[in-house]
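# Architecture at a glance
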Amino acid sequence: MNIRALAAKAIFDVLERGVSLSVALPTQQQFLRDGKDKALLAELCYGVMRQLPQLDKLVSGFMEKPFKGKQRVLHQLLLIGAYQLYFTRVPAHAAISETAEGCRALRFENLVKVVNGVLRNIQRQHPALDESNDTLKYNFPAWIIRRLKDAYPDDWQAIIDASHQRPPMWLRNNRRVQSRDAYLGALAEAEIAASAGSSDDAIKLESPTDVSRLPGFADGSSSVQDGAAQWAATLLDPQHGELVLDACAAPGGKSCHLLELADIELVAVDFDEKRLERVSQNLERLKLTAKVIHGDAGNIGSWWQGDKFDRILLDAPCSATGVIRRHPDIKWLRQNNDIGELAKLQQQILDNCWQWLKPGGTLLYATCSVLPDENREQIAAFLERTPDATLEALPQQADPAAVGWQILPGQDGMDGFYYARLKKALL
Ligand SMILES: C[S@@+](CC[C@H](N)C(=O)[O-])C[C@H]1O[C@@H](n2cnc3c(N)ncnc32)[C@H](O)[C@@H]1O
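Everything numeric in this text was worked out from a predicted model, so none of it was measured. (Residues numbered from 1 in each chain as written. Predicted model: local features only at pLDDT ≥ 70, side-chain atom pairs only at ≥ 80, totals over all residues.)

## Points about the overall build of the protein
The helix and strand inventory of the protein stands at 17 helices and 12 strands. In summary, the protein has a C-alpha radius of gyration of 23 Å against a globular reference of 22 Å for 427 residues, a match within 12%. Its C-alpha atoms give the protein principal-axis dimensions of roughly 75 × 50 × 40 Å. When the 427 residues of the protein are sorted by exposure, 44% land in the buried category. Look at the contacts in the protein between residues 6 or more apart in sequence, and 69% of them connect residues 24 or more apart. (Helix = DSSP H or I, 4+ residues; strand = E, 2+ residues; numbered from the N terminus. Rg over C-alpha atoms; globule rule 2.2 N^0.38 Å. Buried ≥ 20, exposed ≤ 12 C-beta atoms within 10 Å, placed from the backbone. Contact = placed C-beta atoms within 7 Å.)

Encoded structure:
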């Protein structure tokens, strides 16, 4: 199996078919056995997604006419070739010959010479990468740059910079199995360098590692979850015996954390049946139980006839602009128009969840977005139209008067996230 050809197919699926990289990459990785080969495949795909505008411009400048139709995958192959020449330590001759071989593996034998020739020319001339506009300079779509500039006049460049960094790997200690200190000790014994994060169960690894190396992972001693995402369960603060709804639960990271924190009755709902399977798998590995339901959180009455909930976690569908460092394909899959649509969907789900919250209950609204439309403006509008809702300031907020807690990507090593804790009046 030619790794460059597999990478070209994965990138083709993302850019031409709108498939997310978290689906397209494993689809191609399954053809590889060796861990190192899998890692190289991932590096090539992630790298191209990070640097796409500049690589696109570079490659297009060396083509007489662009590849079209079925041959389009060769354009993606050239992006991979150019990425290796500019951003990796792969020796140039190996990068070129392996990529040209990829052309053969993709069954375009008649175009091997073209691919080879374009890459040789790029290597020979090695022009500086174009930075003549913001999209090229920052390798970000213009519409996200515009929105970031509006929302963060002082920080937008730092947010973009953080979104290009390779994120650390975070673990959530399962406090039902051992204390965090005990798990840090077990990690040290396994020679895995790690340190405690700011929330109670969080552990940050010095460098990412395969989960098979983590002590007791298969038996549920820990889970992989970003430090920012781990604040969700802590901030919702479930209490023993309560009825709790996780309204957008899949793949279940936060559901499991809620169940690790307290003996609650948890209803875990998601609209996506396929993703719900992951909730059940995660519950099983951690030996936890919840009612897992396939349903619409915007219409809870259609699948729930039980009591109202003591607490609700609404980890809403969002633009995911806070996690671009983990999912760089988001930059090319999302469109500007999606933001308004997402904000409407979030509003609908939030209003419906509120109806199902007991008086005196708590709802935690969360997104992995950095855009105000989905975060502080969404919550400010909700508070305007909902007289029985009050916003609780969170101790973690730098500005106690801010509407919610916005974590920016890279802050304390965490993903970009947003939290707003809302309390329902007693009567
Ligand atoms: C941010 S993800 C949730 C991540 C999850 N809470 C976790 O920690 O693993 C958002 C989820 O919302 C789900 N979703 C979108 N629209 C929905 C709806 N109307 N009702 C229920 N779930 C929905 C998506 O399928 C997706 O799984």
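## Quick word on the pairing of strand β12 (residues 417-424)
Two faces, one strand: in a regular strand the side chains alternate between the faces of the sheet. Summarising burial for β12: 6 of the 8 residues are buried, a large majority. Looking at chain direction, strand β9 (residues 357-367) and β12 are connected through 6 bridges and run antiparallel. Following the sheet pairing, Ala366 is matched in β12 by Tyr419. One ladder, built from 3 bridges, connects strand β11 (residues 405-407) with β12; its direction is antiparallel. From the neighbouring strand, Gln406 faces β12, where its bridge partner is Tyr418. (Pairing = 2+ DSSP bridges.)

## Observations regarding the site of the ligand
Near the ligand you find 18 residues, and of these Cys248, Phe271, Asp272, Ala297 and Asp315 are the closest. Counting residues per element, the ones that place at least two in the shell around the ligand are α13 (253-261) and β6 (265-270). (Near = placed C-beta within 6 Å.)

## Comments concerning the pairing of strand β1 (residues 170-173)
The side-chain alternation of β1 yields two buried faces, one formed by Trp170 and Arg172 and the other by Leu171 and Asn173. Examined bridge by bridge, β1 and strand β3 (residues 202-205) share 3 bridges and lie antiparallel to one another. Bridge pairing links Leu171 to Ile203 in β3. For β1 and strand β4 (residues 222-224), the ladder comprises 3 bridges, and the chain directions are antiparallel. Within β4, the residue paired with Arg172 across the bridge is Ser223.

## Thoughts on helix α9 (residues 142-151)
Taken together, the buried positions of α9 are Ile144, Arg147 and Leu148. Angular distribution of buried residues about the axis of α9 spans 100°; they occupy a single face of the element. Those residues of α9 hidden inside the fold are in contact with α10 (156-164) and α15 (330-333). (Arc of directions from axis to C-beta.)

## Notes on the sheet that holds β4
Reading across the sheet, the 4 strands line up as β2-β3-β1-β4 and stay open at both edges, with antiparallel pairing between neighbours. Among the strands making up the open sheet, the edge pair consists of β2 (194-196) and β4. Taken pair by pair, the neighbouring strands of this sheet meet at an average axis angle of 30°, ignoring direction. Taken together, the 3 bridges between β2 and β3 define a ladder with antiparallel strand orientation. Counterpart to Ala196 in the pairing with β3 is Ile203. Packing of helix α11 (residues 180-189) onto the sheet brings it into contact with β1, β2, β3 and β4, and relative to β2 it is tilted by some 170°. (Axes fitted to C-alpha atoms, helices over the stretch in contact; angles between N-to-C directions.)

## Overview of the UniProt feature "active site" (unreviewed entry) in the protein
According to UniProt, the "active site" (unreviewed entry) feature falls on Cys368. Positionally, Cys368 belongs in the loop between β9 and α17 (376-385). Setting aside residues no more than four positions away along its own chain, Cys368 makes contact with Cys318, Ala320, Gly322, Val323, Asp415, Gly416 and Phe417. (UniProt positions renumbered as here; feature names shortened; annotations may be inferred.)

## A closer look at the nonpolar core
Counting 72 residues, the largest nonpolar core has Ala247, Leu314, Leu364 and Tyr365 as the members making the most contacts within it. At 6 residues, helix α16 (residues 336-355) tops the list of elements feeding residues into this core. When near neighbours in sequence (up to four residues on either side) are disregarded, Tyr365 contacts Leu314, Ala316, Leu350, Ile379, Ala420 and Leu422. In this structure, Phe12, Val48, Ile80 and Val115 belong to the second largest nonpolar core, which totals 40 residues. (Core = buried A, V, L, I, M, F, W, Y, C linked by C-beta atoms within 7 Å.)

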